[in-house]
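# Summary of structural features
In case you want the letters, here they are:
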Amino acid sequence: MGNALRLIALLGIILLSGCQSTPPTGLSAEQIAVLKQQGFVWTEDGWEFGLQGKVLFDTDSEHLSHDSQQLIARITNALTGVGIDDIILEGHTDDQGRPSYNEQLSRRRAQTVADAMIGNGMREQAIQIRAMGQSKPIASNQTAAGRSENRRVVIIVGAP
């Protein structure tokens, strides 16, 4: 009787683990593996290049640092290498300044990243830009460190 219960439990675990699949995005297993390897995580918006890999900007700037340029080149090469060429770039700002100005600044930030990706082989037509302004902070705007975290561009792949 004990072996039968173990077998039933094992079958139950196997069936349940089959239900834990990657969210549907129209991407192959190889593409999803590359996204994970590069630091993308699944969110309600699609595969996002997460916090640990965000592209940060100085106050009132859309210029990329040398390190950010290298990071974008690496990500672009990885994505295009597995045939991922439809992406969304969301530009973000902190809450300093007028919301209308911040929306324009966030668009310029996203465009700067788009230009860098295009320069590394991504098709221009495959990039959609969203200017989010100060609407989606990920940290408190009450501190300099929080404001720095909010000045970013997020790369999204496989948006639902």
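Computed from a predicted model, the values in this text were never measured in an experiment.

## Here we look at the nonpolar core
A general feature of soluble globular proteins is that nonpolar side chains tend to end up buried together. Among the nonpolar cores identified, the biggest contains 28 residues, and F40, L79, I87, L89, V113 and M117 are the most heavily contacted of them. Elements supplying a minimum of two residues to this core: α2 (29–38), β2 (46–49), α3 (66–81), β4 (87–92), α4 (99–119) and β6 (152–157). Ignoring sequence-local partners within four residues, the contact set of F40 consists of L35, W47, E48, F49, I75, L79, I155 and V157.

## Some words on α2
Residues of α2 that are buried: Q31, I32, V34, L35 and Q38. What you see down the axis of α2 is that its buried residues fit within an arc of 160°, all on one side. Opposite its buried face, α2 presents the exposed residues A29, E30, K36 and Q37, each directed more than 90 degrees away. Along its buried surface, α2 packs onto β1 (40–43), β2, α3 and β6. Following α2 by one or two positions, G39 has its phi on the positive side, about 105°.

## Quick word on the pattern of salt bridges
This model, assessed by the stated rule, comprises six salt bridges. Between D85 and R123 there is a salt bridge, with the nearest N and O atoms lying 3.3 Å from each other. In this pair, D85 sits in the loop between α3 and β4 while R123 sits in the loop between α4 and β5 (127–131), placing the two residues 38 residues apart along the sequence. When its relative accessible area of 26% is taken as the criterion, D85 is described as partly exposed. Of the residues examined, R123 reaches a relative accessible area of 40% and is grouped as partly exposed. Between R151 and D94 there is a salt bridge whose closest N-O contact spans 2.9 Å. Of this pair, R151 sits in the loop between α5 (144–150) and β6 while D94 is found in the loop between β4 and α4, placing the two residues 57 residues apart along the sequence. Here R151 and D94 have matching classes, each one buried. What emerges from the salt-bridge pattern is a single network uniting D45, E90, R130 and K136.

## Remarks on α4
Over its 21 residues, α4 runs 30 Å from end to end, which matches the ideal 30 Å to within 8%, given 1.5 Å per residue. Listed in full, the buried residues belonging to α4 are N102, L105, S106, R109, A110, V113, A114, A116 and M117. Buried residues belonging to α4 abut β3 (55–56), α3, β4, β5 and β6. Just downstream of α4 lies G121, where phi reads positive at about 110°.

How each quantity is defined
Residues numbered from 1 in each chain as written. Predicted model: local features only at pLDDT ≥ 70, side-chain atom pairs only at ≥ 80, totals over all residues. Heavy atoms only, no water. Core = buried A, V, L, I, M, F, W, Y, C linked by side-chain atoms within 4.5 Å. Buried < 20%, exposed > 50% of the residue type's maximum accessible area, 1.4 Å probe, protein only. Helix = DSSP H or I, 4+ residues; strand = E, 2+ residues; numbered from the N terminus. Contact = heavy atoms within 4.5 Å. Arc of directions from axis to C-beta. Salt bridge = Lys/Arg side-chain N within 4 Å of Asp/Glu carboxyl O. Expected span 1.5 Å × (residues − 1).

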